[in-house]
Protein chains: 2
Amino acid sequence: MSRIKELLATGQPGDAVTVKGWVRTKRELKDFAFLELNDGSSLAGLQAVLTPTVPNYDALIKQVNTGATVSCEGVLVASQGKNQRIELQAKALTLWGEADPTTYPLQKKRHSFEFLRTLGHLRGRTNTLGAVFRVRNACATAIHQFFQARGFLWVHTPIITASDCEGAGEMFGVTSLNLENLPKLANGQVDYSQDFFERPAYLTVSGQLEAEIMAMAFSNVYTFGPTFRAENSNTSRHLAEFWMVEPEMAFCDLEGDMDLAEDFLKFIFRYLLEHCPEDMQFFQDRIDQTVLATADQIIHNEFARVTYTEAVSLLEKSSRTFEFPVAWGLDLQSEHERYLAEDYFQKPVIVTDYPAKIKAFYMRLSEDGQTVRAMDILAPKIGEIIGGSQREERLDILTQRIQAQGLDPQTYWWYLDLRRYGTVPHAGFGLGFERLVQFMTGMDNIRDVIPFPRFPGSAEF
Amino acid sequence: MSRIKELLATGQPGDAVTVKGWVRTKRELKDFAFLELNDGSSLAGLQAVLTPTVPNYDALIKQVNTGATVSCEGVLVASQGKNQRIELQAKALTLWGEADPTTYPLQKKRHSFEFLRTLGHLRGRTNTLGAVFRVRNACATAIHQFFQARGFLWVHTPIITASDCEGAGEMFGVTSLNLENLPKLANGQVDYSQDFFERPAYLTVSGQLEAEIMAMAFSNVYTFGPTFRAENSNTSRHLAEFWMVEPEMAFCDLEGDMDLAEDFLKFIFRYLLEHCPEDMQFFQDRIDQTVLATADQIIHNEFARVTYTEAVSLLEKSSRTFEFPVAWGLDLQSEHERYLAEDYFQKPVIVTDYPAKIKAFYMRLSEDGQTVRAMDILAPKIGEIIGGSQREERLDILTQRIQAQGLDPQTYWWYLDLRRYGTVPHAGFGLGFERLVQFMTGMDNIRDVIPFPRFPGSAEF
């Protein structure tokens, strides 16, 4: 096994190796040719030097173009070039698959990310998308390592659900019925008894409520899986299908929740700088000159913590003119969040204790009867990156809150049972995985940090 | 942090600790009481000994029953009992949440798994389901460790898809349309231009085709995510929603694929015995007396490898009477697979090179023109646990195979592009995660190895 990443790191002149990968560029000179080979293991490719001593040189060098797949057998030598430590002196070249230079769409020139989105089946072969998906993998791995090292169980909460539990946003329907020929009841309504689940079913918007079930048995758990929103948001920050991380901890209050979230973000960024230094430098150089400073800021600052009430007061006292009004009881808008993180604190800030009226029913009501133990982590440049809360563990208050929001406690029988039998203070948070990857890489559009983005009008590939 | 698992393993008499968890049992004696506390970190609980010196002893001991949540502060002491090394001499007890013994459904007596399924929100607190979900987490973690250590990228293939790419089984439809009021075209058909994706969309049945895209850029990748089947199969081996693992490797043929699959299974089982010895012993003692032997058999045997043609010949020569006919060209039935693995080879066996006609279009056609480079791993007791193949990398043959199966090559434009530009031999396999957990634990019903099973008529919790 000779992955290019390993060869570039540890290969020594004299090592006999066989490298397998795709040709990124070819340069033909009079008596020899350079091929830059890439196998996806790293941003940098390995330069292979071919001379006419390679069997079938003349024919091969014509057939091998950008995008072609080859194996190259040879010996590593110290490179004369200034861009690499070593290169591969080829002894033999095998061509697996050609790429016709007149039709292969990924020629050397730069392509817009918008154009590359139409090439979802090829764009992973470009420098930027290659780096994005390596960072995405490292970030996902870091998430598992963080939680597993702390004894959290990874739990798989359901994707298909019969309840719109959070009342959060529009949901996709899931059905096995033939829409061209729906079975109907006598009153003309759809006969769901003939549907697969014998009732309307949806794609989940969050695994939190089920994660709470698991935390009430295993103390500390986390979800990491796909979630869905059917909102018609055609923006650079919304996806219809995205991955979410949701830890949930029993015997934990909001302070413990904030501590975990801060440790978590610091860990992920440290892991990334350690495991993907080359890709991160690429983002710094080519995509966004602030990504390394941003990572540094997360890792080395203690996050500020401020209550919503204090935050509103800071906003009111600021000399800034905001587009949206600031007043206690109104939700913070993106411009307010940015002012707090970027201008006032100039580092990540956790805003806590929001008005109950603008937050979900499951957040724990405070003694004041007006606020809930919620927290949002706001980061410079990106805004909200994590949202969490201590959950309402008291049966009577939770029931009232469900009713006050016009929901039916019957629907939540099992969620209420968790408060009826062995309830305990508990807390958790949610992190949108693609938002995090976007934040880390500085990529402008969230559609470019997931391999196959789903958004209004698009479910291609 | 004092998780019970760690205390049981490394706690020493004299250690001052605070344990937080749920009461599994209470035994009241004349002048003291025993509580068995469990926090989900291990099968075994920690025994707490309470004497009347504990503040508020009389009131607490009445309120604290099976299912209640408590914190118990005290000192570890050597246990007098023969079932544990240490126990907790309580100094103070905090009751977080009661569990009314007249209504809490998980009393000490044994419950059927069928009954427990109606208590999906509580069943994780039982010994068996607790062990299952810890094993499930360990197994999931082992999967990531195996692939990450080998430089595979975890790729997130889409859940919502516009193509029934494999032609494999019935799919769930996904829609944002209101089924009670579907928009219609002039001809009476559903107007999908008003649906979220502007065309019919489905839940994926496999991430393989998209994993191939990613392997053509990163060489080695794997998926690990939810997949769906809308088949009306009300059996102990089928779920409508299940997790699947699908590695895909460029520059890999069927032999490499089989080698990886065998290493993979051995690694997972070794990891499990190492990380969950207590839970595995529990399954051995209480659920299925063959689980440890099965694990042993996977770990210590070289898997047999036999072609389909040879397998058919072995079946024909056997003295066994089969219910289903055996003949070259017919698919192997479960009874045939069991005969091969359990009776003939008495260990896992990989059957290769199946007739092209009974396998999917993307499997590589062999020189004989009759068979494809497919493989199924059959394990004693469970039957097929892994199915894989070398993929057809030749554009012309793949196009013919798509057409021969009555499919439209246009639909597969991007899949064919992978063969047009830089194609290469590649291979992969699929493993049903719940089947694996079922196999490992000996659990009879697949609905008991996933936290919230989805099957016909059920999307509860």
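Chain A has the name Asparagine--tRNA ligase in an unreviewed UniProt entry, where Pseudocalidococcus azoricus BACA0444 is given as its organism. Taken verbatim from the UniProt record of chain A, the Subcellular location (unreviewed entry) comment is "Cytoplasm". Per its UniProt entry, chain A bears the Subunit (unreviewed entry) comment "Homodimer."

Enquirer: Could you clarify how one ought to interpret the packing of aromatic side chains in this entry?
Expert: Two aromatic rings are characterised by how far apart their centres lie and by the angle between their planes. This model, assessed by the stated rule, comprises 65 aromatic pairs over all chains. Taken together, a centroid distance of 5.3 Å and an interplanar angle of 80° make the contact between Trp 154 of chain A and Phe 224 of chain B edge-to-face. One end of the pair, Trp 154 of chain A, is in strand E6 (residues 153-154); the other, Phe 224 of chain B, is in strand E10 (residues 220-228), on a second chain. In terms of burial, Trp 154 of chain A and Phe 224 of chain B fall into one category: buried. Judged by centre distance (4.8 Å) and plane angle (70°), the ring pair of Phe 196 of chain A and Phe 197 of chain A falls under edge-to-face. Looking at Phe 196 of chain A, the relative accessible area reads 7%, which means it is buried. Of the residues examined, Phe 197 of chain A reaches a relative accessible area of 1% and is grouped as buried.

Enquirer: Would you explain helix H13 (residues 433-441) of chain A in this entry?
Expert: Side chains that are three or four residues apart share a direction in an α-helix, a result of its 3.6 residues per turn. Residues and elements named next belong to chain A. Burial of H13 is extensive: 8 of the 9 residues sit out of reach of the surface. Buried residues of H13: Phe 433, Glu 434, Leu 436, Val 437, Gln 438, Phe 439, Met 440 and Thr 441, and no others. One or two positions beyond H13, positive phi appears at Gly 442, with a value near 75°.

Enquirer: It is not clear to me how the sheet that holds strand E12 (residues 304-307) of chain B should be interpreted in this structure. Could you clarify?
Expert: Pairing between the strands of a sheet comes from backbone hydrogen bonds, and it takes one of two forms, parallel or antiparallel. Residue and element names in this part refer to chain B. Reading across the sheet, the 8 strands line up as E6-E10-E11-E16-E15-E14-E13-E12 and stay open at both edges, with mixed pairing between neighbours. Two strands lie at the open edges of the sheet, namely strand E6 (153-154) and E12, each paired on one side alone. Of the strand pairs in this sheet, strand E11 (residues 241-250) and strand E16 (residues 426-432) are connected by 5 bridges, and their pairing is antiparallel. If you follow Ala 250 over to E16, its bridge partner there is His 426. Set on the sheet, helix H5 (residues 208-218) makes contact with E6, E10, E11 and E16; between it and E11 the angle comes to about 30°.

Enquirer: What is the right way to look at the interface of chain A and chain B in this model?
Expert: In many analyses, interface size is given as the accessible surface area lost on bringing the parts together. Taken together, the contact pairs 105 residues of chain A with 106 residues of chain B. Roughly 8600 Å² of surface becomes buried between chain A and chain B when both sides are summed, with 65% attributable to carbon and sulfur atoms. If you sort the residues of chain A by the area they bury against chain B, His 156, Phe 196 and Tyr 421 of chain A come out on top, with a joint share of 9%. On inspection of chain A and its partner chain B, the count reaches 0 salt bridges. Where chain A meets chain B, there are 45 residue pairs in polar contact (both at pLDDT 80 or more).

Enquirer: Help me out: how do you make sense of the relation of the copies chain A and chain B in this one?
Expert: Copy one and copy two of the chain differ by a rotation about a common axis and a shift along it. If you rotate chain A by 180° and push it 0.0 Å along the axis, it lands on chain B with an RMSD of 0.0 Å. Taken together, these values place the two copies in the relation of a two-fold axis. If distances are taken from each C-alpha of chain A to the rotation axis, the shortest is found for Val 174 of chain A, at 2.4 Å. Interface overlap between copies: 100% of the residues of chain A at the interface are likewise at the interface in chain B, consistent with a symmetric, same-surface contact.

Enquirer: Looking at this structure, how should I read helix H5 (residues 208-218) of chain A?
Expert: In terms of burial, H5 of chain A is largely enclosed, as 11 of its 11 residues are buried. Ser 219 of chain A, located one to two residues past H5 of chain A, shows a positive phi value of around 70°.

Enquirer: Teacher, can you tell me more about the nonpolar core here?
Expert: Here is a general trend for soluble globular proteins: nonpolar side chains tend to be buried in one another's company. Membership of the largest hydrophobic core comes to 237 residues, with the highest contact counts inside it found for Phe 264 of chain A together with Phe 264 of chain B. Not counting residues up to four positions away in its chain, the partners in contact with Phe 264 of chain B are Ile 143, Phe 146, Phe 147, Val 245, Ile 386, Phe 429 and Leu 431 of chain B.

Enquirer: What should I look at first to understand the domain arrangement of chain A in this one?
Expert: Residues and elements named next belong to chain A. Each domain of chain A was delimited in the assignment, giving domain 1 (4-109) and domain 2 (125-170 + 205-448). Its C-alpha centre places domain 1 at a distance of 45 Å from the equivalent point of domain 2. If you sort the residues of domain 1 by the area they bury against domain 2, Arg 24, Leu 43 and Leu 106 come out on top, with a joint share of 61%. On inspection of domain 1 and its partner domain 2, the count reaches 0 salt bridges. Joining domain 1 to domain 2, the criterion identifies 6 residue pairs in polar contact (both at pLDDT 80 or more). Taken together, the residues that form the side of domain 1 that touches domain 2 break down as 5 nonpolar, 4 polar and 2 charged.

The rules behind these values
Residues numbered from 1 in each chain as written. Chains lettered and ligands numbered in written order. Predicted model: local features only at pLDDT ≥ 70, side-chain atom pairs only at ≥ 80, totals over all residues. Heavy atoms only, no water. UniProt positions renumbered as here; feature names shortened; annotations may be inferred. Phe/Tyr/Trp six-rings, centres within 6.5 Å; stacked < 30°, edge-to-face > 60°. Helix = DSSP H or I, 4+ residues; strand = E, 2+ residues; numbered from the N terminus. Buried < 20%, exposed > 50% of the residue type's maximum accessible area, 1.4 Å probe, protein only. Pairing = 2+ DSSP bridges. Contact = heavy atoms within 4.5 Å. Axes fitted to C-alpha atoms, helices over the stretch in contact; angles between N-to-C directions. Buried area = accessible area lost by both parts, 1.4 Å probe. Salt bridge = Lys/Arg side-chain N within 4 Å of Asp/Glu carboxyl O. Polar contact = N/O pair within 3.5 Å; in protein donor to acceptor, adjacent residues only side chain to side chain. Least-squares fit on C-alpha atoms with pLDDT ≥ 70 in both. Core = buried A, V, L, I, M, F, W, Y, C linked by side-chain atoms within 4.5 Å. Domains from an automatic or database assignment. Nonpolar A, V, L, I, M, F, W, Y, C, P; charged D, E, K, R; others polar.

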